[in-house]
Amino acid sequence: MVVRYNPNLIISIVSSKEDEMTKRPDSEPRVSVIIPYSPDHTPTDLLKTATVSAESQSVKTELIIINDTDQQGPSWARNRGLNQVETRYAAFLDADDSWHDNKLSRQLAAMGNTGAGMCVEAKDTSPAEFLRELYLGNISSITSSVLIDTTQVNLRFEEELERREDHLFALEAAIQAGVCFVDNCFTVGGHEGSLSQGTSTRYRLKQDYHFSRYVWKRVPRVRESLQFYERPRCDHGFTNTPGDLYRCILLWPSLLSVIGIMISLICQRVGADLRVKN
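Everything quoted here is computed from the prediction, not taken from an experiment.

Taken as a whole and assessed by the stated rule, the structure comprises five aromatic pairs. Seen in terms of ring centroids, F92 and F169 are 5.7 Å apart; in terms of plane orientation they differ by 80°. Their pairing is edge-to-face. Remark: F169 occurs in helix α6 (residues 165-177) and F92 occurs in strand β5 (residues 89-92); sequence separation between them is 77 residues. Among the aromatic residues, those joined into a ring-pair cluster are F92, F157 and F169. Taking the ring centre of F157 as reference, the NZ or CZ of R78 above it sits at 5.2 Å. The cationic tip of R164 hangs over the ring face of F211; the distance from NZ or CZ to the ring centre is 3.9 Å.

As structure tokens, this is what we get:
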């Protein structure tokens, strides 16, 4: 393992066992792994678990750990990591998560087969369904599954967003370069001190509002994936949450969309009652 220290809060670790390096073809890609780390939010033992899971991948990896001692946020840290990337492929790994074996090799194979510029964890879905569910917040943890081809994805994380900046990045990357999927990529390792813990409902809704404004301006094509909400659907039970409707209204700020949602709710309630009677 070679460790290089940069006084600008960047620690880059290039790791591969020597005997493994000799067995790998020169044509095999190396993947830069960007890990934002704040000692105030993540215990060092979790960071160690994360780095080991990246070093244990079956492809060559270069770890770029951004030590955010000044609490500038994960978007700032990930962007500083992206600025250091010299490889074609870059992946993100939160310091409290861990990858499953062969995560990267499976994703590289999927990207090679589809030509997509991004691969994330998902199962039995389509790009349109992925865009819709990610926007609505029905997909929560995603960052540690993201692998991008930097020749196709030229983006940075929005540092003004305090929440769901990773969702905005993934939405933009999917539109810009296409997206493919593999399942069972990583394990979420949340803990009490993590940034995602302890946020109030009011705070989350406020941040959802800001997120929706960015989507409206920068990813207008996401609206195409929300066809489900444009017309009443009486043929099945309503399974989406009030939060879905709230975010949908933010993206479609018109009286007609609100009326359409109300009609949809009424129709589905009537349909459910009819099924119960029958």
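Text resumes after the structure shown.
A few words now on the nonpolar core. In terms of nonpolar packing, the biggest core is built from 35 residues, with F92, M118, F130, I148, F169, L171 and V215 touching the most fellow members. Looking at this core, the elements that each hand over two or more residues are β4 (60-67), α3 (74-84), β5, β7 (118-121), α5 (127-136), α6 and α7 (201-218). By residue number, the principal contributor to this core is α6, which donates seven residues. With near-sequence residues (within four places) excluded, L171 lies in contact with L131, L134, Y135, F211, V215, V219 and V222. Y37, L47, Y89 and A91 belong to the second-largest nonpolar core, a separate cluster that totals 26 residues.

By definition, a disulfide links the sulfur atoms of two cysteines through a covalent bond. Taken as a whole and assessed by the stated rule, the structure comprises zero disulfides. Here C119 stays free of any disulfide, with the sulfur of C180 as its closest cysteine sulfur at 3.7 Å. With no disulfide of its own, C185 has C119 as its nearest cysteine by sulfur position, at a separation of 6.3 Å.

The subject of this paragraph is the packing of α6 against α7. Helix packing for two helices is described by the angle between their axes and how far apart those axes are. For the pair α6 and α7, interaxial distance at closest approach is 10 Å and the crossing angle is 15°. Here α6 lies roughly parallel to α7, going by the angle between them. Where α6 crosses over α7, the handedness of that crossing is right-handed. The segment α6 lies against α7, with H167, L168, L171 and E172 engaging F211, Y214, V215 and R218. Its residues placed into classes, the contact of α6 with α7 shows five nonpolar, one polar and two charged.

On to the environment of R156, then. On the secondary structure map, R156 appears in the loop between β8 (147-149) and α6. Expressed as a C-alpha distance, the spacing of R156 and N79, which sit 77 residues apart in the sequence, is 5.9 Å. In this structure R156 touches N79, L82, N83 and F169, once residues within four positions along its chain are discounted. At 3.2 Å, the side chain of R156 and the side chain of N83 are in polar contact.

Take the pattern of salt bridges next. Evaluation of the coordinates by the stated rule reveals 10 salt bridges. Between D94 and R78 there is a salt bridge, with its nearest N and O atoms 3.1 Å apart. On the criterion of sequence distance, the pair formed by D94 in the loop between β5 and β6 (98-99) and R78 in helix α3 is long-range, its members being 16 residues apart. With respect to burial, D94 and R78 carry one shared label: buried. When the shortest N-O distance is used, the salt bridge between E158 and R218 registers 2.7 Å. Placement of the pair is E158 in the loop between β8 and α6 and R218 in helix α7, with a sequence separation of 60 residues. On the accessibility criterion, E158 (16% relative accessible area) is buried. What makes R218 partly exposed here is its relative accessible area of 34%. Put simply, R78, D94 and E165 are held in one network by salt bridges that share partners.

Each value, and the rule that gives it
- Residues numbered from 1 in each chain as written.
- Predicted model: local features only at pLDDT ≥ 70, side-chain atom pairs only at ≥ 80, totals over all residues.
- Heavy atoms only, no water.
- Phe/Tyr/Trp six-rings, centres within 6.5 Å; stacked < 30°, edge-to-face > 60°.
- Helix = DSSP H or I, 4+ residues; strand = E, 2+ residues; numbered from the N terminus.
- Lys NZ or Arg CZ within 6 Å of the ring centre and 35° of its normal.
- Core = buried A, V, L, I, M, F, W, Y, C linked by side-chain atoms within 4.5 Å.
- Buried < 20%, exposed > 50% of the residue type's maximum accessible area, 1.4 Å probe, protein only.
- Contact = heavy atoms within 4.5 Å.
- Disulfide = S-S within 2.5 Å.
- Axes fitted to C-alpha atoms, helices over the stretch in contact; angles between N-to-C directions.
- Parallel < 35°, antiparallel > 145°, perpendicular 65-115°, else oblique.
- Left-handed = near helix turned anticlockwise from the far one by under 90°.
- Nonpolar A, V, L, I, M, F, W, Y, C, P; charged D, E, K, R; others polar.
- Polar contact = N/O pair within 3.5 Å; in protein donor to acceptor, adjacent residues only side chain to side chain.
- Salt bridge = Lys/Arg side-chain N within 4 Å of Asp/Glu carboxyl O.

Keep in mind that these numbers describe shape and distance, not what the molecule does.
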